[in-house]
Amino acid sequence: MNTNYAAPSDLGRIQGVALGIGLLGIVAWVIGLTLSGNVREIFFHSYLVAFVFWAGIALGCLGMLMIQYLGGATWGLIIRRPLESGSHTLILMAILFIPVAVGLGNIYEWMHRESITDEKLRAMLDHKSLWLNPKFFIVRTAIYFAVWLLLMLVLRKRSHKLDETGDPALIQSAQDWSGPGFLLYAIACTFAAIDWVMSLDAEWFSTIFGMLLIVGQGVAAIAFIISVCVILSRREPMNHVLKPKHFHDLGKLLLALVMVWAYFSFSQLLIMWSGNLPEEIPWYIERFKGTWGYLGIALILGHFFLPFVLLLSRDLKRNGRRLVFVAWLVIIMRFIDLLWLIVPEFEHGHPGHLKDYLIYIASTVGMGGLWLGWFFWQLRSKALVPYNDPLLPEALAAGGGH
Amino acid sequence: MAEVFKKEGYVDPRPPVLGPGHNFRSISEKIGDIVLMRGFQKGWVFGFAIVFLGALMLFNTIGYLVLKGVGIWGNSIPVAWAFDIINFVWWIGIGHAGTLISAILLLLRQSWRNSINRFAEAMTLFAVACAGLFPALHTGRPWVDYWLFPYPNTMGMWPNFRSPLMWDVFAVSTYATVSLLFWFMGLIPDFAGLRDSAKNKVQRSIYGLLAMGWRGDARHWQRYETAYLLLAGLSTPLVLSVHTIVSYDFSVGIIPGWHATIFPPYFVAGAIYAGFAMVLTLAIPVRKFYHLEDFITIRHIRNMCKVMLATGLIVGYGYLMELFMSWYSANTYEMFMMKNRIFGPYGYMYWLLILCNVLVPQLLWIKKFRDKLGVVFLVSMFINVGMWLERFVIIVMSLNRDFLPASWRMYKPTVFDFTMFFGTIGFFLTCMFLFIRFVPMIPIFEMKTLLPESKVDEHKVEEHISGTSVGANPLPQFGD
Amino acid sequence: MTTQEETGIYGLMAEFDTPSSAVAAARQTYDAGYRRINAYSPYPIEELAEAIGFHKNMVPLTVFICGILGAIGGISLQIWTSAIDYPLNVGGRPLISLPSFIPITFECTVLLASFGAFLGMLIMNGLPKPYHPVFNVPTFDRASIDRFFVCVKADDPKFNEDETRAFLTRLGAREVSHVEK
């Protein structure tokens, strides 16, 4: 093995810090839950937000990994290892799904079909019960994870073998898997988005919803990868590898994804707002009220406007240390976006105060400790660059110069 | 640092984007001579004659339409939008590939685009011209179409900016304008090249006029490159916005089958899909006829096939989502719409659409087929048809059985619907024939940048400088 | 200097075969203290522009300003016409229907920014230009085909026809031509 690209030793320290912060989050979570008075309900609600957030980053990494193989842009292989490590956390996420399965009754309205008295609503849920029933729900999620884990393992195996043998046929094979793989991935992600998030409001439906969450995952993953790259670029050996040009390309990718996210979100809003149909618009009305209205404005500004304007600057994109602030902003906004999508469904039209949502921060930070611990464990276990990839010199050269 | 890891003996498996044995002059001549040669080739005259007949058919239909009114078409309540809007969307979609090839691929630094972008941009312009005809004529009184624009008038009224049809006016006119600017801007240096190698005075003055005095000044090139890149950056969201707004024409309304949030990305993907199919439909014969195999290589064909496959899958994803959501919505009208779409009186159209747009293009997964021009050509023909059918399915089949069963009525196109549609194809091809003959269809100056000798080699620059800077002694001559 | 103006000289034009030799010559000319230099090539060469000391590219700023003007123009046109000049209730939508106004605002932004890019480029480049002295050089036809030129203009303070000609010849030009005004 080529030791040139071994992970820096203090990555373990960063892993420890992440785990520590996660532990603090869990403590805060527990305290918050005991104070809330409704431990079971609040636990599952805040758990779902944390789960969807971290699963989103993991899935975004898997999707980006496949796009990286398909896109043919050589610089992409520089971020291949972080993406692989991010995808590997899907194993953790599969385990962490178990509590969601346990708490279905506390999370999803459609679990209580029998107790609904409104006849129309009841008829609709009866119709949907073919899809929205606990057994099928869990089977489906198992299938989604099977698809994702299969793709992750297949790509990982090829990439690690490439380190040993340097056989370019392995890259070809990874590319061949990535095409159909991405298709399966997208379909699984779409239905996961429908099941996990959209079905919280059993009546509401939107055909773009799957794509919206897929793009959101991509945004989160790239923002996360930028942060990791900045950490790595300050240490041996990646300080010789990651150059302004690479950050420039990552910044452009983030800009494009942020624009696509805004485009999808705006389209959904415009179509539903203009249509003003009784089965669609209540979903938005709930989210325009009180705190959610302010958070919605925060999303327009922080998830689109601000990153968009900042990322237009070439100098900012080329400077990793400044780019990382935009990346953090976007990651925070991803969290707020998921909060905005999920939590109003638990409130039935009575939005709470900002402090009521602190528990969601605690749960997400808590789960984040575990997630990041897993991620850094993976990242440390292999060389940080696929050093046997024949296109590596080109990718390195692509970062150099002016 | 880099050379430590350099792999020896690794050969890039991709075929080149420019055939071997070319230099600056040969590129100028090979492409420029198609434009500058005297007279016309027989094949060109023959083809032009045929497509011009199609254009004449269009002009006649328009003349008759203006005399008689839109009643000569088959549109009638409840199907008030039919061939006109289908064709509009179809043409706009075809236009999009042009902008995407030239703009997005430029931003992604994909040098393989250089040989096909001019061609694709021209296609965009002519397709948009064809597209614009339909809504303009569908207004019924095309001579007052200027009412669509907001201008102070004696009636004291303004257009309704809440209507997607109004957005469409702005989107399509902006798109046409920006595409024209982009195309013309790309042509300026090539016009200068044609001016300088013109074979007679007429050519020299016409191309000279178009070149506007371009002289390849290094400062000019810098501003030119920046402006061109920025135009590409602007065109990319623009092209997405145009088909998005076209999709809003439908989705903002509440007709089942139209009102779907997935419409924007799904229309955009469909547009790229159709557009790339049209580029291939045109490029494969032109490449053969003008022997441009060195410039439009198998790499281009392969890449375009991959783009088609990817966008085709997004379109398929859209069908899947519509299908699933119409059931999942538990909404009577949504469910009926889907049932009508699949098993209704026009059901065969839906199945044909699935065949053309979803099933046949799956052939492109296979590498061998992507290299076979015959197969690629055939698949793109299927997609051209399929994308037209898609608009038929969406537009006519959502309207002909609306909320009120008493008003249900089958739609039947008249002969004028067909002469109008095939007429625009004739008109489009007429424009393409003229373009190929009078404008360099491959950007000459951009092709030159693909040559290895076009790059400034810093080592050589150093050599020149160290060889000449002392100055006092007689020096060896460089560059001969 | 005055005599040169009388004879109507625009400058001296040196011709090169390869982009590298042209860039080398341009750099040396600049380093030798000449400032009013032009270079010509059949396709864009970034290094060539840098070599003659061109850094201030105002095109992006122009595009940005035009884009902002377009956005402001687009949104104010819609708000003014729909809510102020002729307020009309359409389908119960608010007079200022912001979501509905976004598409046209976007289109206006792009339209004006594009004009900014195209016209800005033309105006800053001083085009269209029906007559320019460099075209008086007989071999300049090849500037758009396969030759590279470096031109020192006569209004450069350091310009002296004989010295400059000797200098350019020493740089390895295959030919140095007198450019008629």
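Residues numbered from 1 in each chain as written. Chains lettered and ligands numbered in written order. Predicted model: local features only at pLDDT ≥ 70, side-chain atom pairs only at ≥ 80, totals over all residues. Heavy atoms only, no water.

**Concerning the overall build of chain C**
To keep it simple, the criterion reads: Every helix listed is a DSSP run of H or I at least four residues long, and every strand listed is a run of E at least two residues long, numbered separately from the N terminus. Only the C-alpha atoms count toward the radius of gyration. The rule for a globule is 2.2 Å times the residue count to the power 0.38. A 1.4 Å probe rolled over the protein chains alone gives each residue an accessible area, and that area as a share of the maximum for its type sets the label: buried under 20%, exposed over 50%, partly exposed in between. Between two residues, a contact is recorded if the distance between any of their heavy atoms is within 4.5 Å. Only the protein chains shown count as cover for residues, and the accessible areas themselves come from Shrake-Rupley with a 1.4 Å probe. Only four residue types enter the tally: Lys and Arg on the positive side, Asp and Glu on the negative side, with His and both chain ends excluded. A charged residue contributes its charge at one atom only: NZ of Lys, CZ of Arg, CG of Asp or CD of Glu.
Of regular secondary structure, chain C possesses six helices and four strands. Moving toward the C terminus, one meets the helices and strands of chain C in the order α-β-α-β-α-α-α-β-α-β. For chain C, whose C-alpha radius of gyration is 25 Å, the value lies well above the compact-globule estimate of 16 Å for 181 residues. For chain C, the residues scored as buried account for 52% of the 181 residues in total. Residue pairs in contact within chain C that sit at least 24 positions apart in sequence constitute 80% of those at least 6 positions apart. A total accessible area of about 7800 Å² is found for chain C, and carbon and sulfur atoms account for 61% of it. In chain C, the 14 positive side-chain charges and the 19 negative ones have mean positions that sit 3 Å from each other.

**Notes on the interface of chain A and chain B**
Heads up, the rule is: Accessible area that two parts lose when put together, with a 1.4 Å probe and added across both, is what the buried area reports. Here, a salt bridge means any side-chain nitrogen of Lys or Arg that lies within 4 Å of a carboxyl oxygen of Asp or Glu.
Each partner contributes to the interface: chain A provides 51 residues, whereas chain B provides 37 residues. Roughly 3900 Å² is buried in total at the junction of chain A and chain B, and carbon and sulfur atoms are behind 72% of that figure. On the chain A side of the interface with chain B, the three residues burying the most area are His 127, Thr 207 and Ile 271 of chain A, jointly 18% of the side's total. Where chain A meets chain B, there are one salt bridge. Measuring nitrogen to oxygen at the nearest pair gives 3.7 Å for the salt bridge that ties Lys 367 of chain B to Asp 176 of chain A.

**A word on helix 1 (residues 24–36) of chain B**
Rule in force here: Expected span, for any helix, means 1.5 Å times one less than how many residues it has. What the bend at a residue measures is the angle between two axes, fitted to the seven residues ending there and to the seven starting there.
Here helix 1 of chain B contains 13 residues, and its C-alpha end-to-end distance of 17 Å stays within 8% of the 18 Å for a straight helix at 1.5 Å per residue. Of all bends in helix 1 of chain B, the biggest is about 25 degrees, found at Lys 30 of chain B. Buried within helix 1 of chain B are the following residues: Phe 24, Ser 26, Ile 27, Ser 28, Ile 31, Gly 32, Ile 34, Val 35 and Leu 36 of chain B. On its buried side, helix 1 of chain B packs onto helix 5 (164–196), helix 6 (201–211), helix 14 (415–438) and helix 15 (444–448) of chain B together with strand 3 (148–153) of chain C.

**Observations regarding the interface of chain B and chain C**
Contact with chain B, which involves 73 residues of that partner, is made by 79 residues of chain C. Taken together, the two surfaces of chain B and chain C that pack against each other cover about 6500 Å², and 66% of this comes from carbon and sulfur. When the area that chain B buries against chain C is broken down by residue, the three leading residues are Arg 162, Arg 215 and Arg 223 of chain B, summing to 14%. Summed over the shared surface of chain B and chain C, the number is one salt bridge.

**Description of the pairing of strand 3 of chain C**
Residues and elements named next belong to chain C. Put simply, the test is: The pairing criterion is simple: DSSP has to find at least two bridges between the two strands.
Counting buried positions over the six residues of strand 3 gives six, a clear majority of the element. By the alternation rule, side chains of strand 3 split into Phe 148, Val 150 and Val 152 and Phe 149, Cys 151 and Lys 153, which are all buried. Two strands pair when backbone bridges link them, and strand 1 (residues 9–16) and strand 3 are joined in this way by six bridges, in the antiparallel orientation. For Phe 16, the partnering residue across the bridge sits in strand 3 and is Phe 148.

**Points about unusual backbone geometry**
Going from Ile 77 of chain B to Pro 78 of chain B, the amide bond is cis rather than trans, its omega being 5 degrees. Secondary-structure assignment places Pro 78 of chain B in the loop between helix 2 (42–68) and helix 3 (83–107). The omega torsion of the bond from Leu 127 of chain C to Pro 128 of chain C falls at -5 degrees, within 30 degrees of zero and hence cis. Phi angles above zero are rare outside glycine, and Asn 276 of chain A is one such case at about 55 degrees. You can see Asn 276 of chain A is positioned in the loop between helix 10 (244–275) and helix 11 (281–288). You will see that Met 212 of chain B, though not glycine, has its phi angle at about 55 degrees, which is positive. Within the secondary structure, Met 212 of chain B sits in the loop between helix 6 and helix 7 (218–251).

**Examining the sheet that holds strand 1 of chain C**
All names here are of chain C. Defined as follows: The angle between two axes is taken between their N-to-C directions and runs from 0 to 180 degrees, where each axis is a line fitted to C-alpha atoms and a helix contributes only its stretch in contact.
Strand order in the open sheet formed by four strands is 2-3-1-4, and the pairing between neighbours is antiparallel. At either margin of the open sheet sits one strand with a lone partner, and together these are strand 2 (37–40) and strand 4 (175–180). Neighbour-to-neighbour, the strand axes of the sheet open up by a mean angle of 25 degrees, direction not taken into account. Against the sheet, helix 2 (residues 19–31) contacts strand 1, strand 2 and strand 3, and its axis sits at roughly 15 degrees relative to strand 3.

**Considerations on the domain arrangement of chain C**
Using the following cut-off: Per the annotation, domain bounds derive from an automatic or database assignment of domains.
Here chain C is partitioned into domain 1 (3–57 + 133–180) and domain 2 (59–124). Averaged C-alpha coordinates put domain 1 of chain C and domain 2 of chain C at centres separated by 44 Å.

**Topic: the nonpolar core**
The condition is simple: We call a set of buried residues a nonpolar core when its members are Ala, Val, Leu, Ile, Met, Phe, Trp, Tyr or Cys and they connect through side-chain atoms within 4.5 Å of each other.
In terms of nonpolar packing, the biggest core is built from 351 residues, with Phe 51, Trp 148 and Trp 196 of chain A touching the most fellow members. With 19 residues, the top contributor of residues to this core is helix 2 (residues 39–71) of chain A. Each of two domains, domain 1 (3–57 + 133–180) and domain 2 (59–124) of chain C, supplies a minimum of three residues to this core. When residues no more than four places from it in sequence are discounted, the contact partners of Phe 51 of chain A are Met 93, Leu 96, Phe 97, Val 100, Phe 145, Trp 196 and Met 367 of chain A. Grouped together as the second largest cluster of nonpolar side chains are 10 residues, Val 134, Ala 143, Phe 149 and Val 179 of chain C included.

**Focus: the pattern of salt bridges**
For the structure shown, the criterion picks out 23 salt bridges over all chains. A salt bridge links Arg 118 of chain B to Asp 190 of chain B; its shortest N-O distance comes to 3.1 Å. On the criterion of sequence distance, the pair formed by Arg 118 of chain B in helix 4 (residues 117–138) and Asp 190 of chain B in helix 5 is long-range, its members being 72 residues apart. Neither Arg 118 of chain B nor Asp 190 of chain B differs from the other in exposure class; each is buried. Taken together, the shared-partner salt bridges in this structure form one network comprising Arg 113, Glu 114, Arg 122 and Asp 126 of chain A.

**Notes on the packing of helix 9 (residues 209–233) of chain A against helix 14 (residues 320–342) of chain A**
Axis angle and axis distance: for two packed helices, these are the angle between their axes and the distance between the axes, and together they describe the pair. Residue and element names in this part refer to chain A. Put simply, the test is: Note on convention: the crossing is left-handed when the near helix lies turned anticlockwise from the far helix by less than a right angle, right-handed when the turn is clockwise. We call Asp, Glu, Lys and Arg charged. Ala, Val, Leu, Ile, Met, Phe, Trp, Tyr, Cys and Pro are nonpolar, and the rest, Gly among them, are polar.
Viewed as axis vectors pointing N to C, helix 9 and helix 14 meet at an angle of 145 degrees, and their least axial separation amounts to 8 Å. The handedness of the crossing between helix 9 and helix 14 comes out as left-handed. Of the residues in helix 14, those touching helix 9 at Phe 209, Leu 213, Gly 216, Val 219, Ala 220, Ala 223, Phe 224, Ile 226, Ser 227 and Val 230 are Gly 320, Leu 323, Val 324, Ala 327, Trp 328, Val 330, Ile 331, Arg 334, Leu 338 and Leu 341. Residues of the contact of helix 9 with helix 14, tallied by class, amount to 16 nonpolar, three polar and one charged.

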